[in-house]
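Structure assessment
The residues making up each chain are set out below.
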Amino acid sequence: MEKTGIEEASGTPPLPPSPSIPPNVKPEQVGPPKRSVISRRGVGTAGRRISLLTNHFKVSMNISDAMFYQYSVSITSEDKRVVDGKGIGRKVIDRLYLTYSSELAGKKFAYDGEKSLYTVGPLPQNNFEFTVVVEELLARSANGSPGANGSPSGNGKRPKCSFRSKTFKVAISYAAKIPLKSIVLALKGSEVDNNAQDALRVLDIILRQQAANRGCLLVRQSFFHDDSRHFTDVGGGVTGCRGFHSSFRTTQGGLSLNMDVSTTMILTPGPVIDFLLANQNIRDPRHINWEKAKKMLKNMRIKTKHSNMEFKITGLSEKPCNLQHFPLKMRNSDDANDEDQTVEITVYEYFTKHRGIELSISAYMPCLNVGKPKRPNYLPLELCLLVSLQRYTKALSIMQRSTLVEKSRQKPQDRIRTVTDAVRNYQYDEDPVLSACGISIDRQLTQVDGRVLEAPKLKVGNSEDCIPRNGRWNFNHKKLLTPVRIERWAVVNFSARCDTSHLSRELINCGRNKGILIERPHTLIEEDPQSRRASPVARVEKMFEIVRAKLPGPPEFLLCVLPEKKNSEIYGPWKKRSLSDFGIVTQCISPTKINDQYLTNVLLKINTKLGGTNSLLAIEHTSRIPLIKDTPTMILGMDVSHGSPGQADVPSIAAVVGSRCWPLISRYRASVRTQSPKVEMIDALYKPLANGNDDGMIRELLVDFFQTSNGRKPAQIVIFRDGVSESQFNQVLNIELEQIMKAYQHLGEVDFPKFTVIVAQKNHHTKLFQAGAPENVPPGTVVDTKIVHPRNYDFYMCAHAGMIGTSRPAHYHVLLDEISFSPDDLQHLIHSLSYVYQRSTTAISIVAPVCYAHLAAQQMGQFIKFDDLSETSSAKRAITTEESVPVPELPRLHENVRGSMFFC
């Protein structure tokens with residue numbers, strides 16, 4: 001029989017080129033109608049009822065016909081430069097109101113810190129232009145002229161303080177009207193229009209302005225006080241600063257204020273020298289790496305001990321303080337007619353002799369330069385303090401992150417107390433702009449009804465039932481469902497402290513107890529101590545040379561012992577060589593304590609990677625999953641991993657995992673690609689080539705589904721998309737989904753499957769609390785009323801057991817549901833998908849496909865962190881953005897491991 005469509009595409013393993021496009025198929029012409037987010041179709045009823053509290057505070061609007069008037073603002077300085085509103089701009093606007101309040105009819109402003117003002121009710125005119133004078137405090141010399149170092153001239157007298165006036169032109173022009181009643185319409189479930197979103201944004205701007213007026217650091221809708229009681233030192237000169245997130249939300253229960261505890265990272269305030277010692281993890285200033293310090297300190301703000309003035313660091317002096325000269329004007333006498341004399345003097349001598357300031361450690365260290373390129377201004381290090389509330393935006397180390405998590409976690413009752421106190425203390429009702437709108441805010445947490453879904457039953461070895469308790473289960477006295485047999489394997493050891501002989505014996509014994517038959521390793525390979533001085537790439541290459549020499553053929557599996565538990569430099573090169581070049585499944589470990597629990601967790605990963613199954617849902621085991629058991633259904637998890645903050649040139653990694661072996665929903669295969677940095681939409685789902693083939697990610701997964709599901713094509717596809725905000729929902733529906741449909745059509749298919757598209761979010765600020773108990777909400781808790789969207793189909797689910805701190809539920813948004821799940825069926829499916837994560841014996845906080853996609857992106861992202869990629873990848877710079885910024889292409893997985901769950 002002639003094969004067509006997916007059957008033809010799957011004819012030659014593992015992934016042949018797709019067939020030529022049939023003449024009657026035009027993949028580019030997928031239906032153009034724009035899809036929109038569906039509305040709610042009902043609520044769930046299954047589960048045990050539970051009374052909950054949430055950190056939403058009810059907002060009342062007594063003047064629903066109020067109108068916001070938006071005005072565009074332009075601020076220019078005396079030299080005609082446009083002023084950045086986030087800096088001096090707020091001072092200018094504050095002074096504007098104080099100076100011209102009567103001309104502006106006494107209207108209170110809500111200023112966004114950039115280019116817009118908002119008032120309740122119109123201003124007297126549509127266009128204004130004002131001159132505003134802002135005074136800045138300056139330090140001046142005794143004779144009135146600025147000193148060469150931002151300090152007085154060398155007459156030995158302390159500086160006099162004076163003010164310098166700066167003049168700004170402020171132009172205000174009418175832009176738009178924003179009716180507050182648009183929020184009322186949105187609350188009634190009507191289509192959310194731009195007016196409702198704009199009105200909510202104005203209310204949020206009012207909250208930001210309040211925080212700015214209190215001197216807070218603003219980070220989007222979060223604000224942070226300069227209060228050391230809220231600081232947590234995490235090491236490296238970095239401090240966690242606890243603050244609050246506040247934003248207005250439209251919900252089924254009405255308008256609410258979502259208030260939550262938030263944390264940002266700041267530079268540890270205090271002496272600059274202390275920061276450098278902590279940042280470089282050294283104790284003696286003599287060991288400071290000044291090149292590294294120069295890069296780190298640039299653009300930081302400091303204030304001086306001797307004058308309390310603020311400056312921005314522009315660099316370091318070329319010479320140490322006791323050798324760095326500058327010209328200083330000296331007055332010969334008090335006679336004003338005498339000419340000044342200019343002398344060359346060191347910064348050290350100036351401060352010690354002419355200012356009388358004792359310098360104990362600065363003499364042999366560079367000075368901070370706080371001047372301009374052509375007019376340097378030097379300050380001794382020990383006189384400088386880092387100003388508080390300066391954001392630290394670089395990636396945290398593993399140690400810093402774990403310290404932050406440990407010290408900043410709050411139990412549910414503590415978090416309740418913190419947010420309710422904040423709402424009371426900030427007295428939002430007294431804000432003049434909110435008052436003009438008739439807005440008042442309740443000071444109690446909102447009560448909401450929830451339901452607790454029953455945990456799904458699992459099947460383990462010998463078809464034994466396993467019933468999770470409180471979201472957890474174990475393999476004590478149990479065997480894995482389908483354990484593998486491992487015959488050809490070896491241990492490679494990059495760690496000097498690990499006894500690999502003892503490790504392998506214990507692993508074999510533990511495997512036997514779990515049903516995995518593991519033969520003795522063919523060899524134990526210890527790294528030559530001399531090799532540890534080489535680069536990570538060279539160390540890995542040397543190890544593989546030994547593996548090839550000592551083993552008679554490719555092993556089934558390699559156990560790799562790394563020297564560090566996290567962020568080992570060996571990890572990336574090792575994974576790249578094993579997965580991409582040799583096609584060998586590996587498991588990396590760095591054991592600190594070898595016991596049954598640790599080894600069991602390792603064996604769960606190994607068994608899954610080699611094709612075994614640790615457990616299945618009972619309904620999955622019997623092929624009785626509602627709406628899936630009778631119709632071939634594919635489940636996709638999609639995520640994009642971005643480079644660390646501040647790494648604008650690091651490509652983003654897009655990963656899509658697809659289920660295989662239908663009707664199972666526990667086994668997945670991944671497809672991973674690089675794309676332009678910081679781009680969230682996945683651009684390689686469908687990727688037609690010049691030769692007519694499709695090199696996209698979805699094609700790989702569709703073919704694999706067909707090959708592993710007895711030649712069945714997916715008639716239904718459930719998509720879980722992670723990491724997108726509400727403003728990007730339409731792009732998911734109309735860009736990404738369209739690419740998936742094109743990939744399906746390119747395989748020769750005419751009839752599309754039914755799609756259900758769900759966005760899974762963890763980056764939100766809604767928390768759930770038990771009304772009558774101090775513990776976290778029980779696993780399986782669902783809320784789909786009152787605090788959910790007034791129109792759209794969303795719900796909160798806390799599938800996992802929060803053992804420490806306060807649980808954060810997952811927020812699921814159903815964008816499209818052509819499969820027509822009932823609310824209960826969909827919630828049960830999502831709940832069940834939190835129990836199929838093969839790496840652990842606990843329910844996870846978000847569905848497994850999303851976690852797998854995140855893991856795959858993270859693991860493959862290690863490939864591009866090392867210099868060997870730029871030298872060896874033939875596909876380097878194969879993809880470019882519209883701006884022609886090169887994006888290195890990831891090496892593809894070896895055919896031996898493409899179908900494995902390597903990311904486990």
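Residues numbered from 1 in each chain as written. Predicted model: local features only at pLDDT ≥ 70, side-chain atom pairs only at ≥ 80, totals over all residues. Heavy atoms only, no water.

What to know about the sheet that holds strand β36 (residues 716-722)
Strand order in this open sheet of 11 strands is β35-β34-β33-β36-β37-β41-β40-β39-β23-β1-β38, and the pairing throughout is mixed. Each of the sheet's edge strands pairs with one partner strand only, and the pair in question is β35 (668-675) and β38 (768-770). Ignoring which end each strand starts from, the neighbouring axes of this sheet average 30 degrees apart. As paired strands, strand β33 (residues 633-641) and strand β34 (residues 652-659) are joined by 6 bridges and run antiparallel to one another. Residue pairing across strands places Ser 641 opposite Ile 653, the latter belonging to β34. Where helix α18 (residues 823-833) meets the sheet, it contacts β23 (446-452), β33, β35, β36, β37 (754-761), β39 (781-783), β40 (793-798) and β41 (810-817), and its direction lies at approximately 40 degrees from that of β40. Against the sheet, helix α19 (residues 848-861) contacts β33, β34, β35, β36 and β37, and its axis sits at roughly 45 degrees relative to β33. (Pairing = 2+ DSSP bridges. Helix = DSSP H or I, 4+ residues; strand = E, 2+ residues; numbered from the N terminus. Axes fitted to C-alpha atoms, helices over the stretch in contact; angles between N-to-C directions. Contact = heavy atoms within 4.5 Å.)

Quick notes on the pattern of salt bridges
With the rule as written, the count across this model stands at 33 salt bridges. Here Lys 514 ties to Asp 596 by a salt bridge, and the two come within 3.8 Å at their closest N and O atoms. Residue Lys 514 is located in the loop between α11 (500-513) and β28 (517-518), and its partner Asp 596 is located in helix α14 (residues 596-609); the two are separated by 82 residues in the primary sequence. Residue classification places Asp 596 among the partly exposed positions, given a relative accessible area of 38%. Residues joined in a network through salt bridges with shared partners are Arg 660, Arg 669, Arg 673, Glu 700 and Asp 704. (Salt bridge = Lys/Arg side-chain N within 4 Å of Asp/Glu carboxyl O. Buried < 20%, exposed > 50% of the residue type's maximum accessible area, 1.4 Å probe, protein only.)

Thoughts on unusual backbone geometry
With an omega of 15 degrees, the peptide bond running from Trp 662 to Pro 663 counts as cis. The phi dihedral of Arg 220 falls on the positive side, at around 50 degrees, and the residue is not glycine. Within the element layout of this structure, Arg 220 appears in the loop between β8 (217-219) and β9 (222-224). Non-glycine residue Ser 463 carries a positive phi angle of around 55 degrees. Tracing the backbone shows Ser 463 in the loop between β24 (458-460) and β25 (464-466). Overall, the relative accessible area of 43% leaves Ser 463 in the partly exposed class.

Quick word on the packing of aromatic side chains
One pass over the full model with this rule turns up 21 aromatic pairs. A centroid spacing of 5.2 Å and a plane angle of 35 degrees characterise the contact between Tyr 837 and Tyr 852, whose relative ring orientation is tilted. Pair noted here: Tyr 837 is in the loop between α18 and α19 and Tyr 852 is in helix α19, with a separation of 15 residues, a long-range link. Take Tyr 837 and Tyr 852: they sit in the same class, and that class is buried. These aromatic residues form a ring-pair network of at least three members: Tyr 668, Tyr 837, Tyr 852, Phe 902 and Phe 903. The ring of Phe 223 has Arg 214 lying over it, and the distance from NZ or CZ to the ring centre is 5.6 Å. (Phe/Tyr/Trp six-rings, centres within 6.5 Å; stacked < 30°, edge-to-face > 60°. Lys NZ or Arg CZ within 6 Å of the ring centre and 35° of its normal.)

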